[in-house]
Amino acid sequence: TLLKMINRLIEPTSGSVLLHGVDVRTIEPSVLRRGMGFVLQNFGLFPHYTVEQNLAVVPTLMQWTSERTRTRAHELLTKLHMQPEEFLHRYPKELSGGQQQRVALCRALMSDPPILLMDEPFGALDPITRHDVRLEFKHLEEWRTKTIVLVTHDIEEAFMLADRVVLLDKGVVHQIGTPAQLLHTPATEFVQRFLAVAPGARAYVEARA
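Here is a short report on the structure shown in this document. (Residues numbered from 1 in each chain as written. Predicted model: local features only at pLDDT ≥ 70, side-chain atom pairs only at ≥ 80, totals over all residues. Heavy atoms only, no water.)

1. A word on the overall build of the protein chain
Part 1 of the reasoning: If you tally the helices and strands in the protein chain, you get 13 helices and seven strands.
Part 2 of the reasoning: Dimensions of the protein chain, computed from C-alpha atoms along their principal axes, come out at roughly 55 × 40 × 25 Å.
Part 3 of the reasoning: Pairs at least 24 residues apart make up 61% of the contacts formed inside the protein chain by residues separated by at least 6 positions.
Part 4 of the reasoning: As displayed, the protein chain has an accessible area near 11800 Å², and 54% of this comes from carbon and sulfur atoms.
Part 5 of the reasoning: The averaged location of the 24 negative side-chain charges in the protein chain is 3 Å from the averaged location of its 23 positive side-chain charges. (Helix = DSSP H or I, 4+ residues; strand = E, 2+ residues; numbered from the N terminus. Contact = heavy atoms within 4.5 Å. Areas by Shrake-Rupley, 256 points an atom, 1.4 Å probe, with all protein chains shown as cover. Lys, Arg positive; Asp, Glu negative; His and termini not counted. Charge placed at Lys NZ, Arg CZ, Asp CG, Glu CD.)

Right under this line is the structure:
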C-alpha cells in the first residue's frame, strides 16, 4: 500500500506524499512513474520477451536509441555478474531464480531513475541465492546514489541494507530510525518483540558500527 501511494496507484485518504517537497498528486502519473524503478517479489519479467527485450521496455518508451539501450544493458548485467553475450538472448524460463532477479534489478535500473521501489525483491529466492544477490546489489554504486524504498518482512535484511528502518504493524508506525536505534532504544513493546525473534539483527548492527 505504501509503495502504491508513492507511485499513485493508490491515492491516500489523508495526508500527502511529497517528492522533493512536491505533492505527488500534482504530478502526472505517467511522468511520476517513469522517474521510478520497480522490483517485484515474483520478478515480473515478461515470459515471451528475451532478457534483452525485457531490459529494453522502459528505454523504448523513452525513445532511446538501440545502441544506448544495448550499452546500458551490457553495463548493468556485467555489474551483476551476468555475461551479456550469454544471457541477453535467453528467455526468463531459461534462467535460475537468482538470474531472473538480477535481470529484474537491471530492468528497474535501466533508465537510471532517482527512486527505486522494491516489494520484497529477494523473497522468492532460496536463502543462499538471496544472500548472494543482496550483497551484489548492496555493492552497486546505484545503491548509494538513489533513494530506495524496500519493503521486507525480514528484519535482518532490513538491518543489512537500510540506512533508516520504518517498522509498521497494521498501518501503524511503531518506530523510525537507524538499525542501531531500533536495536538499542526500541520505542514500543512491539519493536522489542519483533527484534527478539531476529537474533541475527544484532550482528548486522555490530558489523556496520
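Now, onward.
2. A word on the nonpolar core
Burial of nonpolar side chains together is a common tendency in soluble globular proteins.
Part 1 of the reasoning: Grouped together as the largest cluster of nonpolar side chains are 30 residues, with contacts concentrated most on L55, L105, M118, F122 and F137.
Part 2 of the reasoning: Of the residues forming this core, the biggest block, six residues, is contributed by helix 7 (residues 97–109).
Part 3 of the reasoning: Not counting residues within four places of it along the chain, the set of residues in contact with L55 comprises A73, L77, L88, V103, C106, R107 and M110.
Part 4 of the reasoning: In this structure, I155, A158, F159 and L195 belong to the second largest nonpolar core, which totals 14 residues. (Core = buried A, V, L, I, M, F, W, Y, C linked by side-chain atoms within 4.5 Å. Buried < 20%, exposed > 50% of the residue type's maximum accessible area, 1.4 Å probe, protein only.)

3. Regarding the packing of helix 7 against helix 8 (residues 127–138)
Part 1 of the reasoning: The interhelical angle for the contact between helix 7 and helix 8, taken along N-to-C directions, is 25°, at an axis separation of 10 Å. Considered as vectors, helix 7 and helix 8 are oriented roughly parallel to each other. Considering only the axes of helix 7 and helix 8, their crossing is right-handed. Listed contacts from helix 8 to G98, Q101, R102, L105 and L109 of helix 7 are T129, D132, V133, E136 and F137.
Part 2 of the reasoning: Across the contact of helix 7 with helix 8, the residue classes tally to four nonpolar, three polar and three charged. (Axes fitted to C-alpha atoms, helices over the stretch in contact; angles between N-to-C directions. Parallel < 35°, antiparallel > 145°, perpendicular 65-115°, else oblique. Left-handed = near helix turned anticlockwise from the far one by under 90°. Nonpolar A, V, L, I, M, F, W, Y, C, P; charged D, E, K, R; others polar.)

4. Focus: a nonpolar patch on the surface
Part 1 of the reasoning: There is a patch of nonpolar side chains on the surface, built from L2, V166, L168, V173 and I176 and spanning about 410 Å² of accessible area.
Part 2 of the reasoning: Elements represented by at least two residues in the nonpolar patch include exactly strand 6 (165–169) and strand 7 (172–177).
Part 3 of the reasoning: Examined against the element boundaries, I176 turns out to sit in strand 7. (Patch = residues over 30% accessible without salt bridge, like charges linked within 9 Å, V, L, I, M, F, W, Y side chains within 5 Å. Salt bridge = Lys/Arg side-chain N within 4 Å of Asp/Glu carboxyl O.)

5. Focus: the packing of aromatic side chains
Part 1 of the reasoning: Applying the stated criterion to the full structure yields three aromatic pairs.
Part 2 of the reasoning: Their ring planes at 75° and their centres at 5.1 Å tell us that F137 and W143 sit as a pair that is edge-to-face.
Part 3 of the reasoning: Since its relative accessible area comes to 1%, F137 is described here as buried.
Part 4 of the reasoning: Ring centres of F190 and F194 lie 5.7 Å apart, and the angle between their planes is 40°; on these two criteria the pair is classed as tilted. Here F190 and its partner F194 are both found in helix 12 (residues 189–196), four residues apart, which amounts to about one turn of the helix. (Phe/Tyr/Trp six-rings, centres within 6.5 Å; stacked < 30°, edge-to-face > 60°.)

6. Here's the deal with the environment of H139
Part 1 of the reasoning: Note that H139 resides in the loop between helix 8 and helix 9 (141–145).
Part 2 of the reasoning: Taking C-alpha positions, H139 is 9.7 Å from L80, a pair spaced 59 residues apart along the chain.

7. So, the pairing of strand 6
Part 1 of the reasoning: Here five bridges tie strand 6 to strand 7, and the two strands are oriented antiparallel to one another. Following the sheet pairing, D169 is matched in strand 7 by V172.
Part 2 of the reasoning: The turn joining strand 6 and strand 7, which pair antiparallel and follow one another in sequence, is formed by two residues; a positive phi near 55° is taken by K170. (Pairing = 2+ DSSP bridges.)

8. Brief notes about the environment of K93
Part 1 of the reasoning: Within the fold, K93 resides in the loop between helix 6 (84–87) and helix 7.
Part 2 of the reasoning: A relative accessible area of 76% places K93 in the exposed class.
Part 3 of the reasoning: Along the backbone, K93 and L45 are 48 residues apart, and their C-alpha atoms lie at a distance of 9.8 Å.

9. A few points about the pattern of salt bridges
Part 1 of the reasoning: Using the criterion set out here, one finds 17 salt bridges in the structure.
Part 2 of the reasoning: One salt bridge in this structure joins R8 and E11, with 2.8 Å as the shortest N-O distance.
Part 3 of the reasoning: For R8, a relative accessible area of 17% translates into the label buried.
Part 4 of the reasoning: The exposure class assigned to E11 is partly exposed, which follows from its relative accessible area of 36%.
Part 5 of the reasoning: Through salt bridges with shared partners, a single ionic network connects R72, E75, K79, D112, E142 and K146.

Nothing here speaks to function; it is geometry throughout.
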